[in-house]
Amino acid sequence: DTAVSQTPKYLVTQMGNDKSIKCEQNLGHDTMYWYKQDSKKFLKIMFSYNNKELIINETVPNRFSPKSPDKAHLNLHINSLELGDSAVYFCASSRMVDSPLHFGNGTRLTVT
Amino acid sequence: GNSVTQMEGPVTLSEEAFLTINCTYTATGYPSLFWYVQYPGEGLQLLLKATKADDKGSNKGFEATYRKETTSFHLEKGSVQVSDSAVYFCASGSARQLTFGSGTQLTVLP
């Protein structure tokens, strides 16, 4: 009955590869997010989707492309992976503005 | 733009000690303020929140008061437990544009 689930939990890959991280929420929330947490635990928003529409797109390389097939899913595809992409990526969702965020358990991406 | 500054860690306390983690914010208007907690290997969980000045958020013995005059939202707990060991994040804004502080690692020793 996990509320926000993301897969895989760990992802180790080589530079130049393309990879995807999947996220699903069963809370019926309208808005979903991707956050990046660096090695110093600093969290930065990357994207936000509301009802499958992109509403926040921070300064993120266009190698990162979010895709929302429906409002319960927000996947993150990364092309041409670089060493600096190594981080923990968190998916989150919220019911509406000012509602608390519900986070997934994170995907630790390691690029070698 | 908005920013959140919180006390740098790590913080190490003995069980039953008093905890304070400082947090100050800069923002236009009056944002909602939050504390999130991240246990090892898990995502962030909302600990408490306050949506307007002088509101006090509380949960699991933790408290924080929204102070507009000092633009602060310090987290306190009177008696910490080993199970409180985690990383604590202060945040301001709305869910669609939340700005996080850099996190404070708390370790509580038995």
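Residues numbered from 1 in each chain as written. Chains lettered and ligands numbered in written order. Predicted model: local features only at pLDDT ≥ 70, side-chain atom pairs only at ≥ 80, totals over all residues. Heavy atoms only, no water.

**A short note on the state of the cysteines**
Residues and elements named next belong to chain A.
Part 1 of the reasoning: Tallied over the entire structure, the rule returns 2 disulfides over all chains.
Part 2 of the reasoning: In this model C23 forms its disulfide with C91; the gap between the sulfur atoms is 1.9 Å. Taking the sign of the torsion about the S-S bond as the criterion, the disulfide between C23 and C91, at about -80 degrees, is left-handed. Within this pair, whereas C23 is found in strand β3 (residues 19-25), its partner C91 is found in strand β9 (residues 87-94), the two being separated by 68 residues in sequence. Residues C23 and C91 agree in their burial class; the two are buried. (Disulfide = S-S within 2.5 Å. Helix = DSSP H or I, 4+ residues; strand = E, 2+ residues; numbered from the N terminus. Buried < 20%, exposed > 50% of the residue type's maximum accessible area, 1.4 Å probe, protein only.)

**Observations concerning the side chain of D85 of chain A**
All names here are of chain A.
Part 1 of the reasoning: Looking at where D85 falls in the secondary structure, it is placed in the loop between β8 (73-78) and β9.
Part 2 of the reasoning: On the accessibility criterion, D85 (4% relative accessible area) is buried.
Part 3 of the reasoning: For D85, the side chain forms a polar contact with the main-chain nitrogen of E82, separated by 2.8 Å.
Part 4 of the reasoning: Beyond its immediate stretch of four places on either side in the chain, D85 contacts K36, R63, F64, I78, L109 and V111. (Polar contact = N/O pair within 3.5 Å; in protein donor to acceptor, adjacent residues only side chain to side chain. Contact = heavy atoms within 4.5 Å.)

**Topic: the interface of chain A and chain B**
Part 1 of the reasoning: If you look at the interface, chain A gives 25 residues, while chain B gives 20 residues.
Part 2 of the reasoning: Summed over the shared surface of chain A and chain B, the number is 0 salt bridges.
Part 3 of the reasoning: If you look at where chain A meets chain B, you find 4 residue pairs in polar contact (both at pLDDT 80 or more).
Part 4 of the reasoning: Secondary-structure elements contributing two or more residues to the side of chain A that touches chain B are β4 (31-37), β5 (43-50), β6 (53-57) and β9 of chain A.
Part 5 of the reasoning: Of the residues forming the side of chain A that touches chain B, the biggest block, 4 residues, is contributed by β4 of chain A.
Part 6 of the reasoning: A breakdown of the residues in the side of chain A that touches chain B according to their chemical character gives 13 nonpolar, 7 polar and 5 charged. (Salt bridge = Lys/Arg side-chain N within 4 Å of Asp/Glu carboxyl O. Nonpolar A, V, L, I, M, F, W, Y, C, P; charged D, E, K, R; others polar.)

**Quick notes on the environment of Q25 of chain A**
Residue and element names in this part refer to chain A.
Part 1 of the reasoning: Counting through the fold element by element, Q25 comes out in strand β3.
Part 2 of the reasoning: The spatial distance from the C-alpha of Q25 to the C-alpha of F103 is 9.5 Å, given a sequence separation of 78 residues.
Part 3 of the reasoning: With near-sequence residues (within four places) excluded, Q25 lies in contact with A3, V4, M32, K71, A72 and S93.
Part 4 of the reasoning: Of the polar contacts made by the side chain of Q25, one reaches the backbone nitrogen of L27; its length is 3.0 Å.
Part 5 of the reasoning: Within polar-contact distance, the side chain of Q25 engages the backbone nitrogen of G28 at 3.2 Å.

**Focus: the pattern of salt bridges**
All names here are of chain A.
Part 1 of the reasoning: This structure, assessed with the given rule, holds 6 salt bridges over all chains.
Part 2 of the reasoning: For the salt bridge of D85 with R63, the shortest nitrogen-to-oxygen distance reads 2.8 Å. Of this pair, D85 sits in the loop between β8 and β9 while R63 sits in the loop between β6 and β7 (64-70); the two residues are 22 residues apart in sequence, bridging distant segments of the chain.
Part 3 of the reasoning: Within the structure, one salt-bridge network assembled from shared partners comprises R63, E82 and D85.

**What to know about the sheet that holds strand β1 (residues 4-7) of chain A**
The pairing of strands in a sheet comes from backbone hydrogen bonds and takes either a parallel or an antiparallel form.
All names here are of chain A.
Part 1 of the reasoning: Across the sheet, 4 strands lie side by side as β1-β3-β8-β7; this open sheet has antiparallel pairing. What marks the edges here is a single partner per strand, and that holds for β1 and β7. The sheet shows a mean angle of 20 degrees between the axes of neighbouring strands, direction not considered. (Pairing = 2+ DSSP bridges. Axes fitted to C-alpha atoms, helices over the stretch in contact; angles between N-to-C directions.)

**Quick notes on the pairing of strand β1 (residues 3-6) of chain B**
All names here are of chain B.
Part 1 of the reasoning: Of the two faces of β1, the one lined by V4 and Q6 is fully buried and the one lined by S3 and T5 carries no buried residue.
Part 2 of the reasoning: In terms of strand pairing, β1 meets strand β4 (residues 23-26) through 4 bridges, oriented antiparallel. Across the sheet, Q6 pairs through a bridge with C23, a residue of β4.

**What to know about the packing of aromatic side chains**
Part 1 of the reasoning: Enumeration according to the criterion identifies 12 aromatic pairs over all chains in this entry.
Part 2 of the reasoning: The interplanar angle of 35 degrees and the centroid separation of 6.3 Å between the aromatic rings of F64 of chain A and Y89 of chain A together place this pair among those described as tilted. Of this pair, F64 of chain A sits in strand β7 while Y89 of chain A sits in strand β9; the two residues are 25 residues apart in sequence, bridging distant segments of the chain. Just as F64 of chain A is buried, Y89 of chain A falls in that class too.
Part 3 of the reasoning: Centroid distance Y25 of chain B to Y66 of chain B: 6.0 Å. Interplanar angle 80 degrees. Geometry classified as edge-to-face. With Y25 of chain B in strand β4 and Y66 of chain B in the loop between β8 (62-65) and β9 (75-77), this pair connects stretches of sequence that are 41 residues apart.
Part 4 of the reasoning: Counting every residue linked through ring pairs, the aromatic cluster contains Y33, Y35, F90 and F103 of chain A together with F34, Y36, F89 and F100 of chain B. (Phe/Tyr/Trp six-rings, centres within 6.5 Å; stacked < 30°, edge-to-face > 60°.)

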